[in-house]
Amino acid sequence: MATETQELRIAEIPDIDVDPITLDIIEGALKNARFEMDAVLFRSAMSPVIREQHDEFPMITDPRGRMVVGQFGAYINEMMADWEWGIYPGDVILTSDPFKCSASISHTNDWLVLVPIFYEDELVGWSSQFGHQMDAGGPLPGSLPTGAKTIFEEGIIIPPLKIIERGVPQESVLRLIFNNVRLPEMNRADLFAIVAGCRAGERRVIELCDRFGKDMYLAGLQALLDRTHEAMRTLIQLAIPEHPQSFEDYVDDDGLGNGPFKMKLTIWREGDHAFFDWSGTDPQALGPINFYLSEGMFKMFIGIYLIMVNDPQILFNDGFYPLLHVVMPEGSLLRPRFPAALGCRTHALARLFDVLGGALVKQAPELNTAAGYGTSPYMLYSGWDGNGEFFYSMEILYGGIPGRPIGDGMDGHSWWPLFENIPTEYLEAYYPLRIDGYTSLTDSGGAGFHRGGNGVEKRYVYLEPGEVSIHDDRWLTRPWGVLGGEPGGRSEKILKRADGTEERLPSKCDNIAVEPGDMLVYRTAGGGGWKDRLDRPVEAVVRDVSFGLVSAEKALEGYGVVLRQDGGADADATEAERARQREERGDALSFDFGPALEDVLADCKAETGLEPPQPATPLRWSPLEPGDEALDRVRRGDGIPAP
């Protein structure tokens, strides 16, 4: 049986049992297919952002568009809601417009590809992947201007359209797209590498249908979704409180001098159903820090958080989506109205995890993490070399992962576990710059029983005249510690000119002219510490000092550990110092944000060398939807009556 939709036949999922062995084989094969999609892309792409750093996300779905394996959650149904051009074997669909696909992607640099998977003339699923393009046009190389006020300033905006129809490339469409970017050869290579990755997923699904039969394969997908649904019901009971719990944190500024911007989340449970309400979050920003958050994407983030903390063996898929209900008022920082600028959205994206963790701690504090470095720091460098050739380098840096119940936060790591560094050799071989140093930033991790991860210090020496852009955050507010852990260190950027002068740069800036010999010292934030810093094993502190992760001064001030001249700990002096600090401190704080926000703003210029941001003015063209109306809208849409 199949459902007819114009010329499209969508396979129905049969109601048949799947034995456990077959189900495990299908699950393992789909997981392998998802990683094969990655491997094909990495071996085919040209840009270092995809090829080396792995800024891409794959997915395989069932016929209804529900993600069975992947990373960012399903978006097929939202993207295809207004599609009017038919779906056929051999089609490939592309978009880069967040507002045309319900925020399936979050800015115009992400090019999203969909490939329908057909078996015996029926649609049995979708293979999809999106990756960050180095450039998407617009006024600045990289298409990420920190001063943008609308999405129109962030490059070409591609609505959902076919770039291949029934196996035939649409060259006129492709020419129009590549004519609007600075690196057309690289964009074309990356785009068709994404297509090749999707084709790899398509082939593996067809092989599974050949091996087990279409009906058994589809029933296996449903069984995998059902299994995750049941597992998440248990996790919701464990982690989500019945009484509402709220938490809030801030994005420091919007790149235009406005801020800080509050992000507030309230969570509660009604039976098996969990609510995540962002009412109280500030209105959308004029600058490009807005994060147009897809409900499906946020549900996946919730699932990832709960699964990784509680049971990493659970398969990520859309099976638990009906149990989660997300409230995001229209016109807020997380649900901005068109044509909001979106290019710097990673600050709110990363802060989302901090706020989610803070809200969840009220139910199970021993499972909580502290706050991390809180963004995806960018360094962009472009210009023309001595031969008149255009060059453009872009790198995503990392920072301190928060201290966690299972151990110390990782030093200089990405928020996204599968991201990797661009090798120094690659940067120096292909771009006119030299890496003078790339190190862990001593003492930037917050003290705790489990130490917050250190940020990084990377020193770029520029070899040709050009311009630099920077994206970062946590230069004002601190990554907070929990349960007696201290906050992590803040970020900073210092430009050391070849003539010996220095200037401190904002965390978000464009068009910074550099000359040969100028050095940018790029320091990212650390992670907050977890649990009482004065209980950290002395031998762990001694080890950290010997590795250069913690200074002798921090060992004393942060951990109460007194070191001898030979580097070992003085046991008696340490015991006395810790007793003194405990008495002076009193009870350990559940959350340690550092100084109050008003004090941080008052001391901003003295501590950072930068002017404090000013409160934002709400945008007249985007009024903020009242929170109670947003909650009522979600309840009606999800069919969940008020208690």
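Residues numbered from 1 in each chain as written. Predicted model: local features only at pLDDT ≥ 70, side-chain atom pairs only at ≥ 80, totals over all residues. Heavy atoms only, no water.

Asker: Tell me about a negative patch on the surface, and please be specific about residues and values.
Answerer: A contiguous patch of negative charge, built from Glu120, Asp121, Asp210 and Asp215, is present on the exposed surface. Looking at the secondary structure, you find Glu120 in the loop between β6 (110-119) and β7 (122-132). Judged by relative accessible area, Glu120 falls into the exposed class, the value being 56%. (Patch = residues over 30% accessible without salt bridge, like charges linked within 9 Å, V, L, I, M, F, W, Y side chains within 5 Å. Areas by Shrake-Rupley, 256 points an atom, 1.4 Å probe, with all protein chains shown as cover. Salt bridge = Lys/Arg side-chain N within 4 Å of Asp/Glu carboxyl O. Lys, Arg positive; Asp, Glu negative; His and termini not counted. Charge placed at Lys NZ, Arg CZ, Asp CG, Glu CD. Helix = DSSP H or I, 4+ residues; strand = E, 2+ residues; numbered from the N terminus. Buried < 20%, exposed > 50% of the residue type's maximum accessible area, 1.4 Å probe, protein only.)

Asker: Explain the sheet that holds strand β23 (residues 519-523) to me, using residue names and the numbers behind them.
Answerer: The strands making up a sheet associate through hydrogen bonds between their backbones, and the pairing can be parallel or antiparallel. The antiparallel open sheet is built from five strands, whose spatial order is β16-β17-β23-β20-β21. At either end of the open sheet lies a strand with only one pairing partner, and these are β16 (433-440) and β21 (502-505). When the angles between neighbouring strand axes are averaged without regard to direction, this sheet yields 15°. Inspection of the sheet shows strand β17 (residues 456-462) paired to β23 by five bridges, in the antiparallel sense. Note that in β23 the partner of Val461 across the bridge is Met519. (Pairing = 2+ DSSP bridges. Axes fitted to C-alpha atoms, helices over the stretch in contact; angles between N-to-C directions.)

Asker: Tell me what's going on with the sheet that holds strand β15 (residues 390-396), and back it up with residues and numbers.
Answerer: An order of β15-β14-β18-β22 is seen for the four strands of this open sheet, with the pairing classed as antiparallel. Because the sheet does not close on itself, it has two edges, and the strands there are β15 and β22 (508-514). Each adjacent strand pair in this sheet contributes to an overall mean axis angle of 15°, direction not counted. Where strand β18 (residues 466-471) meets β22, five bridges bridge the pair, whose relative direction is antiparallel. If you follow Glu467 over to β22, its bridge partner there is Ala513.

Asker: For the packing of helix α5 (residues 184-212) against helix α6 (residues 214-239), give the residues involved together with the corresponding values.
Answerer: For the pair α5 and α6, the least separation of the axes is 6 Å and the interaxial angle reads 115°. Between α5 and α6, the contacting residues are Val205, Leu208, Cys209 and Phe212 on the first element and Lys214, Met216 and Tyr217 on the second. Across the contact of α5 with α6, the residue classes tally to six nonpolar, no polar and one charged. (Contact = heavy atoms within 4.5 Å. Nonpolar A, V, L, I, M, F, W, Y, C, P; charged D, E, K, R; others polar.)

Asker: Quick one: what's the story with the state of the cysteines, residue by residue and with numbers?
Answerer: Throughout the structure, instances matching the rule amount to zero disulfides. Not part of a disulfide, Cys344 finds its nearest cysteine sulfur in Cys509, a span of 10 Å. Judged by relative accessible area, which is 1%, Cys344 ranks as buried. Here Cys509 falls in the buried class, since its relative accessible area comes to 7%. (Disulfide = S-S within 2.5 Å.)

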